[in-house]
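Spelled out from the first residue to the last, the chains are:
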Amino acid sequence: MSVSFDFSETETQQSVKAMVRDFAEKNIRPHIMEWDETQYFPVELFKQLGELGLMGVLVPEEYGGSGLGYQEYVDVIVEVARVCGSIGLSLAAHNSLCTGHIMAFANAEQKQKWLPKLATAEWIGAWGLTEANTGSDALRMMTTAVEDGDDYIINGAKNWITHGKSGDIAVVMVRTGEQGSSKGISAIVVERGTPGFTAGKKENKLGMRASETTEMIFDNCRVPKANLLGNVGEGFKQAMKVLDGGRISIAALALGIAKGAFDAAVAYSKQRQQFGQPIASFQAISFKLADMATEIEAAELLIRQAADLKNRHLPMTKESAMAKYFASEVSVRVATDAVQIFGGYGYTKDFPVEKFYRDSKLCTIGEGTSEIQKIVIAREVLSR
């Protein structure tokens, strides 16, 4: 199939980028180290983002969302993440995973019930797939949902869940059939306050520390069957489709972090003097910057391609996996080189690159490790 792409920015994209950039500079940058040090999840900030329409970027206007496309969504994540990866991560998880899952697979009544609250950040969303012993091997999950009249009784626990404590609503993948079967998993929405639904351990993380990551625990948690998304046994298939789009958002997150680290490195290299001249004038530094700039642009092209395919409802499993794999690895390399350019100062918390360095690594792990992306890419390539 021959596909052409036009990645020129629209006026809408330009205005969205300018708005998000201004918001991030004024409302996020002054607090990033305070939130990072204390692992504080700024719920009030996300309420503000909701007022701007950024918690429902892709949600149709009829449900209170902004009704924008994936190119604008990429811009939103990038502009936030180039200031703070943690806020970018939470923004991505809310939009792509919880909200995205409901938007794609809920019936009309369910959409009307939940999407307006998510799109405006009246509610913050969580999404539960991973468990302690089933990371990439999701089909082995132990969390079960057993029918009881008009309800399901859920028992088990989910790990590494963004907003697992502060989230008001969660889309949870549960086992309703045989373990190991792709048709043995279903997706059920659980609202905060439901008896038996509690938060567990909050993770003490290397990076992304202002993005809350906790366990979700279900102890005889009774949920109405009306909260089932789609049909019984469709949860795993749904989750894989949700992750296709989610990979674009994590790629955008990685790109934003890389751009933030690069911007800081360029500015520092022009200002820092050694041997009577800016260190940017030394080939060792300028060549690093050249490599960083090239990889960043290549990553963005992959992301824009995947976003374009997603907008046009065309197959993009391979392209989103490539974008996520490449952009996340680029993010780590760029952040590492940025620390090197800063030298000793890059190893201190007085300068921003050490945070970009810590935050970048999560992008190679979350929503499918780099190794899983290679499996997805290889499978797609070999199936031709």
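Further up the page is the structure itself.
Residues numbered from 1 in each chain as written. Predicted model: local features only at pLDDT ≥ 70, side-chain atom pairs only at ≥ 80, totals over all residues. Heavy atoms only, no water.

(A) Local environment of the side chain of H163. Its place among the elements puts H163 in the loop between β3 (151-162) and β4 (169-175). The exposure class of H163 is buried, given its relative accessible area of 1%. Only 2.9 Å separates the side chain of H163 from the backbone oxygen of G125, close enough to count as a polar contact. Among all residues touching H163, those that are not within four sequence positions of it are F41, S90, A93, H94, I124, G125, A126, R192 and E212. (Helix = DSSP H or I, 4+ residues; strand = E, 2+ residues; numbered from the N terminus. Buried < 20%, exposed > 50% of the residue type's maximum accessible area, 1.4 Å probe, protein only. Polar contact = N/O pair within 3.5 Å; in protein donor to acceptor, adjacent residues only side chain to side chain. Contact = heavy atoms within 4.5 Å.)

(B) Broad picture of unusual backbone geometry. Despite not being glycine, H163 has its phi angle at roughly 70 degrees, a positive value. Of note in this structure, H313 is not a glycine but carries a positive phi near 60 degrees. By the element assignment, H313 lies in the loop between α8 (283-311) and α9 (317-342). Taking the relative accessible area as the measure of exposure, H313 reaches 73% and is therefore exposed.

(C) Examining the pairing of strand β5 (residues 185-191) more closely. Of all 7 residues making up β5, 6 are buried, and the element is well covered by its neighbours. Both β4 and β5 contribute to a ladder of 7 bridges, which runs antiparallel. Paired with A170 across the bridge in β5 is V190. Two elements, β5 and strand β8 (residues 228-229), share 2 bridges in a ladder whose sense is antiparallel. Among the inter-strand pairings, A187 is bridged to a residue of β8, identified as L229. (Pairing = 2+ DSSP bridges.)

(D) Up close: the packing of aromatic side chains. Under the definition given, this model contains 8 aromatic pairs. A centroid spacing of 6.3 Å and a plane angle of 85 degrees characterise the contact between F275 and F282, whose relative ring orientation is edge-to-face. Put simply, the rings of Y268, F342, Y345 and F351 touch in pairs and so form one group of aromatic residues. We note R192 situated over the ring of F197; from NZ or CZ to the ring centre the distance is 4.3 Å. (Phe/Tyr/Trp six-rings, centres within 6.5 Å; stacked < 30°, edge-to-face > 60°. Lys NZ or Arg CZ within 6 Å of the ring centre and 35° of its normal.)

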